[in-house]
Amino acid sequence: MNDRLFRSILLTCAILMPLICGGMLFSLVTDAYDAFNHFGFLNFLTSSEWKFNSADERYGALPFITGTILTTLLALAMCIPFSLPVSLFVGEYFKGTRIASFLSTVVDLLAGIPSIIYGLWGFYALRPIVISLKISPEGSSIITASIVLAIMIIPYASSLSSEFIKMVPSDLKESAYSLGATRADVIRRIVFPVAGPGIFSSYILAIGRAIGETMTVTMLIGNTNNMPESLTSTGNSMASIIANQFGEAEGLRLSSLIAIGLILFIITAIINMIGKMMIKHARIS
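Q: What's the story with the layout of surface pockets in this structure? I'm lost.
A: Put simply, the largest pocket is a space of about 170 Å³. If you go around the largest pocket, the residues you meet are V86, L103, V106, V107, L110, I113, Y118, I151, I154, P155 and S158. Secondary-structure elements contributing two or more residues to the lining of the largest pocket are α4 (98-111) and α6 (142-166). Across the lining of the largest pocket, the residue classes break down as ten nonpolar, one polar and no charged.

Q: Please clarify how the side chain of S83 should be interpreted in this entry.
A: With respect to the helices, strands and loops of the structure, S83 is situated in helix α3 (residues 62-93). Beyond its immediate chain neighbours, meaning those up to four positions away, S83 contacts I154, A157, S158 and Y203.

Q: Whenever I open this one, the side chain of N236 confuses me. Can you help?
A: Mapped onto the elements, N236 comes out in the loop between α9 (215-220) and α10 (238-245). Reaching out from N236, the side chain makes a polar contact with the side chain of N225 at a distance of 3.0 Å. With near-sequence residues (within four places) excluded, N236 lies in contact with P63, F64, G67, T68, I221, N223, T224, N225, I241 and N244.

Q: Before we go on, may I ask you to explain the packing of aromatic side chains in this structure?
A: Geometry of an aromatic ring pair is reported as the spacing of the ring centres plus the angle between the planes. Tallying each qualifying case throughout the model produces eight aromatic pairs. Measuring from ring centre to ring centre gives 6.0 Å for F39 and Y59, while their planes differ by 85 degrees; the resulting arrangement is edge-to-face. With F39 in helix α1 (residues 2-39) and Y59 in strand β2 (residues 56-59), the pair connects residues that are 20 residues apart, well separated along the chain. Between W50 and F64, the aromatic rings sit 5.1 Å apart at their centres with planes inclined by 90 degrees, giving edge-to-face as the arrangement. Here F64 lies in helix α3 and W50 lies in strand β1 (residues 50-53), a separation of 14 residues in the sequence. Considered together, W50 and F64 belong to a single accessibility category, that of buried residues. Put simply, the rings of F36, F39, F41, F44, W50, Y59 and F64 touch in pairs and so form one group of aromatic residues. Sitting over the ring of F52, R253 keeps its end group 3.9 Å from the ring centre.

Q: Looking at this structure, I do not really get the nonpolar core. What am I missing?
A: Across soluble globular proteins, nonpolar side chains have a tendency to be buried as a group. Residues F44, W50, M238 and I260 are the most contacted members of the largest nonpolar core, which totals 59 residues. Of all the secondary structure elements, the ones that give two or more residues to this core are α1, α3, α5 (115-132), α6, α8 (183-211), α9, α10 and α11 (251-284). Tallying contributions element by element places α8 first for this core, with twelve residues. Excluding anything up to four places from it in sequence, F44 contacts F36, F39, Y59, G60, A61, L62, S256, A259, I260 and I263.

Here is what the cut-offs are and how they apply
- Residues numbered from 1 in each chain as written.
- Predicted model: local features only at pLDDT ≥ 70, side-chain atom pairs only at ≥ 80, totals over all residues.
- Heavy atoms only, no water.
- 1 Å grid on protein atoms, 1.4 Å probe; cavity = no way out; pocket = protein on both sides within 12 Å on 5 of 7 lines; lining within 4 Å.
- Points joined across faces, edges and corners; volume = space filled by probe spheres on them.
- Helix = DSSP H or I, 4+ residues; strand = E, 2+ residues; numbered from the N terminus.
- Nonpolar A, V, L, I, M, F, W, Y, C, P; charged D, E, K, R; others polar.
- Contact = heavy atoms within 4.5 Å.
- Polar contact = N/O pair within 3.5 Å; in protein donor to acceptor, adjacent residues only side chain to side chain.
- Phe/Tyr/Trp six-rings, centres within 6.5 Å; stacked < 30°, edge-to-face > 60°.
- Buried < 20%, exposed > 50% of the residue type's maximum accessible area, 1.4 Å probe, protein only.
- Lys NZ or Arg CZ within 6 Å of the ring centre and 35° of its normal.
- Core = buried A, V, L, I, M, F, W, Y, C linked by side-chain atoms within 4.5 Å.

As structure tokens, this is what we get:
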């Protein structure tokens with residue numbers, strides 16, 4: 001009887017999760033329908049106008065899609081040179097030592113810090129530095145948000161990557177050492193080829209973490225609805241525009257914000273699916 005009850009609970013939970021996901025998707029599609037129907041799906045994606053005057057409402061998602069892509073890719077570009085050495089330090093060079101354990105604990109701690117804390121730090125510590133270096137006159141810009149995003153995802157990417165590096169069979173590495181290979185040779189010819197798909201998937205999942213970030217980006221990107229002209233200009237991401245305007249939106253404007261949320265949902269889902277597929281491939285290999 002207890003076993004049947006336990007199995008029933010597990011089955012209920014297993015069925016509930018797809019239902020919740022499907023319900024979210026259905027709700028987003030239903031509420032976004034007015035915006036897509038009024039502007040057209042492709043026109044909504046490619047339009048750079050965002051005017052909410054009652055006499056002439058025009059909404060387009062392109063500036064926010066562009067802002068999201070720029071901040072995410074720039075954050076990833078800054079993340080890789082720092083996270084990969086950390087993952088090699090923990091997973092290969094000092095694997096099993098106290099210093100690796102300590103660093104791993106610090107990395108996990110940084111990964112668990114709420115995003116609002118990163119946003120506050122960026123606003124009060126990094127922003128004045130950006131202004132003093134004349135990178136951006138106002139301090140808030142796409143590059144400022146990207147720097148803090150990169151710092152946020154470095155622990156996430158390095159922690160996942162180090163786990164895949166640790167999974168590389170020791171006998172392969174020992175065989176290479178016995179043939180006279182150096183540590184650099186082993187990393188280049190054994191560790192990276194074997195753990196490569198897993199490391200790649202770590203960065204795919206890190207992109208999924210960064211692309212939907214809200215509070216940090218909202219506090220640092222500048223929150224302007226114009227098409228970004230450069231990395232030093234202000235802008236908005238898909239998440240930040242929703243956070244800024246959802247509370248006061250109604251009618252067609254509200255539907256347009258929900259449509260942006262639907263686009264973000266689909267992009268994030270696709271990225272996470274790619275990451276999961278890469279992780280599965282890495283485990284099979």
